[in-house]
Amino acid sequence: IQRSQQLKRSAWLIPAPHRLNSGLPMNVGVLFVPQQEAWVVERMGKFHRILEPGLNFLIPLLDRIRYVQSLKEIVINVPEQSAVTLDNVTLQIDGVLYLRVMDPYKASYGVEDPEYAVTQLAQTTMRSELGKLSLDRVFRERESLNANIVDAINQASDCWGIRCLRYEIKDIHVPPRVKESMQMQVEAERRKRATVLESEGTRESAINVAEGQKQAQILASEAEKAEQINKAAGEANAMLVKARAKAEAIQLLAAALAQQHGSAAASLSVAEQYVSAFSKLAKDSNTLLLPANTGDVTNMVAQALGIYTTLTKPQAVRTQDEMPPAHKDPQPSPAEVLKSEEASSS
């Protein structure tokens with residue numbers, strides 16, 4: 001019995017471990033607990049209650065403040081450690097933990113050293129998570145890596161009364177050779193992008209030139225089409241004007257032939273055209289095609305007038321049938337007129 005009393009007395013005199021605070025307050029009966037702190041009180045070595053912020057009363061010598069837990073957010077630096085990725089690359093990585101005590105009772109009696117336990121758990125979780133990722137994914141998926149580490153810590157630290165709010169990776173150190181290869185990869189990727197951009201620029205330039213040539217050809221063809229249409233319209237108008245002029249000339253000629261001595265005038269015109277055409281022979285070319293009776297102008301005029309008379313005879317017959325007969329002075333024949341004119345000229 002005395003031995004057990006001595007052990008209890010020696011345990012009573014052993015100082016309590018420092019938990020998230022520099023020291024433990026002494027029990028003077030009347031205590032003032034600061035805000036955002038929780039004091040764990042033991043009565044005769046057994047958990048009694050947790051003091052809330054404000055005024056509290058304790059029994060001296062019987063009650064003792066065993067643990068002081070801070071309810072503020074705690075920042076813990078995770079030491080640098082080595083981890084191997086999925087593609088067998090060794091990395092040196094460190095981080096920062098942000099914790100908060102949610103249950104002062106569990107944080108005091110659930111684990112001996114909460115900070116050390118959470119730090120070790122963060123390191124092991126970090127190694128296991130990095131082993132699932134390749135080196136390239138480690139740099140791209142840092143947010144998901146942090147979230148996975150936080151979930152793993154919270155699942156294990158629930159019984160400790162501590163909650164991990166977030167975990168951040170501070171720095172990742174890559175071996176020098178791997179760093180050089182990554183730098184070469186980045187340079188090659190940049191050269192590839194530059195080549196691709198240059199080829200795209202060349203392609204767009206060629207496309208623009210081809211489009212310009214296409215538009216130029218289209219405009220040229222449309223201009224040629226419009227020119228041909230205008231030319232055809234002009235030729236058509238010219239032909240219409242010529243046809244109208246010729247029709248008017250034929251009408252005037254027909255009216256002139258219908259008058260008195262019209263046949264003689266026609267014969268004179270044919271003779272003049274014959275003489276004019278005969279005078280132009282051998283001027284443009286050395287090759288000549290002459291009729292057999294070249295010197296017989298009277299015969300040529302008579303033939304021309306005979307053709308004219310044959311063509312105009314049906315029309316004259318119709319005109320005589322339609323019109324009443326009238327007395328007209330007899331006119332000399334075209335042959336007689338030509339003979340008289342030759343005689344007078346000779």
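Scope of this entry: the structure provided in the associated data block. For clarity, every value in this text was computed on a predicted model and none was experimentally measured. (Residues numbered from 1 in each chain as written. Predicted model: local features only at pLDDT ≥ 70, side-chain atom pairs only at ≥ 80, totals over all residues. Heavy atoms only, no water.)

1. Overview of the overall build of the protein chain
Reasoning step 1: Across its full length, the protein chain holds nine helices and eight strands.
Reasoning step 2: Within the protein chain, contacts between residues at least 6 apart in sequence are counted, and of these 66% link residues at least 24 apart.
Reasoning step 3: In the structure as shown, the protein chain presents an accessible area of about 24700 Å², 56% of it carried by carbon and sulfur atoms. (Helix = DSSP H or I, 4+ residues; strand = E, 2+ residues; numbered from the N terminus. Contact = heavy atoms within 4.5 Å. Areas by Shrake-Rupley, 256 points an atom, 1.4 Å probe, with all protein chains shown as cover.)

2. Looking at a nonpolar patch on the surface
Reasoning step 1: On the surface, Val-30, Phe-32, Leu-55 and Phe-57 cluster together to form a nonpolar patch covering roughly 440 Å² of accessible area.
Reasoning step 2: Of all the secondary-structure elements, those providing two or more residues to the nonpolar patch are strand S1 (30-33) and strand S4 (54-57).
Reasoning step 3: Within the secondary structure, Phe-57 is located in strand S4. (Patch = residues over 30% accessible without salt bridge, like charges linked within 9 Å, V, L, I, M, F, W, Y side chains within 5 Å. Salt bridge = Lys/Arg side-chain N within 4 Å of Asp/Glu carboxyl O.)

3. Description of the sheet that holds strand S7 (residues 90-101)
Reasoning step 1: The strand order across the open sheet built from three strands is S6-S7-S8, with neighbouring strands paired in antiparallel fashion. Only two strands of the sheet have a single partner each, and these edge strands are strand S6 (73-84) and strand S8 (162-173). Neighbour to neighbour, the strand axes of the sheet diverge by 20° on average, direction disregarded.
Reasoning step 2: In terms of strand pairing, S6 meets S7 through 10 bridges, oriented antiparallel. Within the sheet, the bridge partner assigned to Val-84 lies in S7 and is Thr-90.
Reasoning step 3: Contacting S6, S7 and S8, helix H3 (residues 114-130) runs over the sheet at an angle of about 40° to S6.
Reasoning step 4: Sheet contacts for helix H5 (residues 142-157): S7 and S8; angle to S8, the most-contacted strand, approximately 140°. (Pairing = 2+ DSSP bridges. Axes fitted to C-alpha atoms, helices over the stretch in contact; angles between N-to-C directions.)

4. A closer look at the sheet that holds strand S5 (residues 63-70)
Reasoning step 1: Ordered in space as S3-S2-S5, the three strands form an open sheet in which the pairing is antiparallel. The open sheet has two edge strands, strand S3 (46-51) and S5, and neither has a second partner. The sheet shows a mean angle of 25° between the axes of neighbouring strands, direction not considered.
Reasoning step 2: Direction of pairing for strand S2 (residues 37-43) relative to S3: antiparallel, over a ladder of five bridges. Bridging across to S3, Val-41 finds its partner in Arg-49.

5. Brief notes about H3
Reasoning step 1: Along its 17 residues, H3 runs 24 Å from first to last C-alpha, staying within 8% of the 24 Å computed at 1.5 Å per residue.
Reasoning step 2: Every buried residue belonging to H3 is among Pro-114, Ala-117, Val-118, Thr-119, Leu-121, Ala-122, Gln-123, Thr-125, Met-126, Glu-129 and Leu-130, and all of these are buried.
Reasoning step 3: Contact partners of the buried residues in H3: S6, S7, helix H2 (104-109), helix H4 (135-140), H5 and S8. (Expected span 1.5 Å × (residues − 1). Buried < 20%, exposed > 50% of the residue type's maximum accessible area, 1.4 Å probe, protein only.)

6. Topic: the nonpolar core
Reasoning step 1: Ranked by size, the top nonpolar core spans 31 residues in total, and within it Leu-97, Val-118, Leu-130, Ile-153 and Tyr-167 carry the most contacts.
Reasoning step 2: When contributions to this core are tallied by element, the ones reaching two or more residues are S6, S7, H3, H4, H5 and S8.
Reasoning step 3: Residues in contact with Val-118, not counting those within four places in the same chain, are Leu-97, Leu-99, Ile-153, Trp-160 and Ile-162. (Core = buried A, V, L, I, M, F, W, Y, C linked by side-chain atoms within 4.5 Å.)

7. Quick word on H5
Reasoning step 1: For H5, built from 16 residues, the straight-helix expectation of 22 Å at 1.5 Å per residue is met to within 8% by its first-to-last C-alpha distance of 22 Å.
Reasoning step 2: Contact partners of the buried residues in H5: S7, H3 and S8.

8. Some details on the pairing of S2
Reasoning step 1: Among the seven residues of S2, five are classified as buried, and the element is accordingly described as predominantly covered.
Reasoning step 2: In the sheet, S2 pairs with S5 via seven bridges, with the strands oriented antiparallel. Paired with Glu-42 across the two strands is Arg-64, which belongs to S5.
Reasoning step 3: Remark: two residues form the turn of the hairpin made by S2 and S3, two consecutive strands paired antiparallel; Met-44 in that turn has positive phi of roughly 55°.

9. Side note on the pattern of salt bridges
Reasoning step 1: Under the criterion given, the structure shown has seven salt bridges.
Reasoning step 2: The partner of Glu-42 in a salt bridge is Arg-66, with the nearest N and O atoms 3.9 Å apart. In this pair, Glu-42 is assigned in strand S2 and Arg-66 in strand S5, connecting sequence segments 24 residues apart. For the pair Glu-42 and Arg-66, one class covers both residues: buried.
Reasoning step 3: The partner of Glu-141 in a salt bridge is Arg-137, and the shortest N-O contact between them spans 3.2 Å.
Reasoning step 4: Three or more residues joined by partner-sharing salt bridges are found here, namely Glu-73, Arg-100 and Arg-166.

10. With respect to the packing of aromatic side chains
Ring pairs (aromatic) are described by centroid distance and by the angle formed between their planes.
Reasoning step 1: In this structure the tally under the stated criterion is four aromatic pairs.
Reasoning step 2: With 6.0 Å between their ring centres and 80° between their planes, Phe-47 and Tyr-109 make a pair best called edge-to-face. One end of the pair, Phe-47, is in strand S3; the other, Tyr-109, is in helix H2, with 62 residues separating them in the sequence.
Reasoning step 3: Overall, Phe-47 belongs to the partly exposed group, its relative accessible area being 31%.
Reasoning step 4: Ring geometry for Tyr-105 against Tyr-109: centres 5.1 Å apart, planes inclined by 45°, an arrangement best described as tilted. (Phe/Tyr/Trp six-rings, centres within 6.5 Å; stacked < 30°, edge-to-face > 60°.)

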